[in-house]
Amino acid sequence: LKGRGVTIAFLDSGFHPHPDLVQPSDRIVAYHDVHDAAGVLDPDVMPQADEWHGTQTCVAAAGSGFLSDGVYRGLACEARIVLVKVGQGGRISDAAIEKGLTWVTENQARHAIRGVSLSLGGDADRPLAESRVNMLAEEAVRRGMVLVAAAGNSGCTAQHRSLPPATAPSVIAVGGYDDGNDPERKNLSLYCSSFGVT
């Protein structure tokens, strides 16, 4: 239940080597920046604005609890982690997601990747046959990986549809809800989660 023996790849805008990710020291088994093959996670570099989302996502999912002496841990706190940076200057494009999914697929066996977290969305909602992102996501699932993607946060707008990779048929698309900060959870409502045909 804690993710022991499982490797999860996270594709996101960027990452900072948070103590809950780098402790114990063997947790991050790979780091890849699709825009800079020589890029590394450097704890001595000040965190950048575009790194907060990826850092938050993987700490919530797989943080070890090191910083809080185990009080606050991620759900899969013993999982191994692969970090794939697909953002550049705060923007994530279809082309970058494609590069990230290709890298994950090519390195699946090397790092024993079983799950992929994609808390992002592509450029536009396209049918499967026209979306390279969705085709790559489907290929990753065929190879035995479980892909989980954010449905998106456009549910409160006129453009409320999810974007690839959340629209791929075999990807688990996850929305959000607002509990109104009520511990009894009596008044749940959607947190502007994207929705649509897919």
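Values in this document were obtained by computation on a predicted structure and should not be read as measured data.

Basis of the calculations
Residues numbered from 1 in each chain as written. Predicted model: local features only at pLDDT ≥ 70, side-chain atom pairs only at ≥ 80, totals over all residues. Heavy atoms only, no water. Pairing = 2+ DSSP bridges. Helix = DSSP H or I, 4+ residues; strand = E, 2+ residues; numbered from the N terminus. Axes fitted to C-alpha atoms, helices over the stretch in contact; angles between N-to-C directions. Contact = heavy atoms within 4.5 Å.

Caption draft 1: Examining the sheet that holds strand 4 (residues 113-118) more closely. The six strands lie next to each other as 2-3-1-4-5-6, forming an open sheet whose pairing is parallel. Each edge of the open sheet is held by one strand with a lone partner, namely strand 2 (28-33) and strand 6 (172-174). Averaged over neighbouring strand pairs, the angle between their axes works out to 20 degrees when direction is ignored. Examined bridge by bridge, strand 2 and strand 3 (residues 80-85) share five bridges and lie parallel to one another. Bridging across to strand 3, Asp-33 finds its partner in Lys-85. Here helix 3 (residues 94-106) sits on the sheet and contacts strand 1 (7-12), strand 2, strand 3, strand 4 and strand 5 (146-150); the angle it forms with strand 1, its principal contact strand, is near 165 degrees.

Caption draft 2: Focus on unusual backbone geometry. The amide bond that connects Gln-23 to the next residue, Pro-24, takes the cis arrangement and shows omega of -5 degrees. Here Pro-24 is to be found in the loop between helix 1 (19-22) and strand 2. That bond from Pro-164 to Pro-165 is cis: its omega, 10 degrees, falls within 30 degrees of zero. Position of Pro-165 relative to the elements: it lies in the loop between strand 5 and strand 6. With a phi angle near 55 degrees, Arg-185 is a residue other than glycine that sits in the positive phi range. With phi around 55 degrees, Cys-192 is a residue other than glycine that occupies positive phi space. One can find Cys-192 in the segment after strand 8 (189-190).

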